[in-house]
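Here is how the chains run, residue by residue.
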Amino acid sequence: MISALAVGALVVVLADRSQKDEPEAAPTAEVTGPQDSGAPPTAVTIVDRGTSVRIAWKDPTGGKYGFMVSMARAGQQLKPVAQVGPGKTQTEVIGLQPSLQYCFVVVAVYSTEEFGTSTQVCTERK
């Protein structure tokens, strides 16, 4: 099972990634903490059902590790919305507003120190 520490650390890392408007400061010391260095989930797809979205992906871990799915409305900070156990390659997020756009990423959690983040996929609502 994904530990609370890993989820908390990933939230911080993903939040930092979603803040693209802020210039990056020069590092002053060696970076420690979780590293996005593991193989990421691939072929991430979504099926938009209005008030829910089904997210599916290919597992780069061979069924050995779990996943975290993060979501945000377009232009906002990603936040975890689902934890998925090893060997599972899909989940459904419910309770969405049909008039809003949503974006998703899937994170393979290898340990509290290593993870792999998929590319972001977004709904294309009119």
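For the structure given in this document, a descriptive report is provided here. (Residues numbered from 1 in each chain as written. Predicted model: local features only at pLDDT ≥ 70, side-chain atom pairs only at ≥ 80, totals over all residues. Heavy atoms only, no water.)

### Remarks on unusual backbone geometry
Filter applied, for reference: Per the convention used, a helix needs a DSSP run of H or I reaching at least four residues, while a strand needs a run of E reaching at least two, with both numbered from the N terminus.
Even without being a glycine, Ala43 presents a positive backbone phi close to 50°. Relative to the elements of secondary structure, Ala43 occurs in strand E2 (residues 42-48).

### What about the pattern of salt bridges?
Oppositely charged side chains may form a pair once their charged atoms are brought near each other. Put simply, the test is: Between Lys or Arg on one side and Asp or Glu on the other, a salt bridge is scored when a side-chain nitrogen of the former is within 4 Å of a carboxyl oxygen of the latter.
Applying the stated rule across the entire model yields two salt bridges. As a salt-bridge pair, Arg125 and Asp48 come within 2.7 Å of each other at their nearest N and O atoms. One end of the pair, Arg125, is in the segment after strand E9 (121-122); the other, Asp48, is in strand E2, and 77 residues separate them in sequence. The salt bridge involving Arg49 is made with Glu92; its shortest N-O contact spans 3.4 Å.

### Some points on the environment of Gln90
Note the threshold: Three exposure classes are used, based on accessible area relative to the maximum for each residue type with a 1.4 Å probe and protein chains only: buried under 20%, partly exposed in between, and exposed over 50%. In what follows, a contact means two residues having at least one pair of non-hydrogen atoms within 4.5 Å.
Here Gln90 shows up in strand E6 (residues 90-94). A relative accessible area of 45% means that Gln90 is categorised as partly exposed. For the pair Gln90 and Phe67, spaced 23 residues apart in sequence, the C-alpha to C-alpha distance is 9.7 Å. Discounting residues that sit within four places of it in the chain, Gln90 has contacts with Arg54, Ile55, Ala56, Trp57 and Val84.

### Brief notes about the nonpolar core
The criterion, for reference: Only buried residues count toward a nonpolar core, which is a set of Ala, Val, Leu, Ile, Met, Phe, Trp, Tyr and Cys residues joined through side-chain atoms within 4.5 Å.
Core analysis: the biggest nonpolar cluster contains 17 residues, and Ile55, Trp57, Val69, Leu96, Phe104 and Val106 have the highest contact counts within it. If you list the elements that add at least two residues to this core, you get strand E3 (52-58), strand E4 (66-73), strand E5 (79-84) and strand E7 (102-109). At four residues, the largest contribution of residues to this core is made by E7. In this structure Leu96 touches Gly50, Thr51, Ser52, Val53, Met71, Tyr102, Phe104 and Arg125, once residues within four positions along its chain are discounted. Ala72, Val105, Val107 and Phe115 belong to the second-largest nonpolar core, a separate cluster that totals seven residues.

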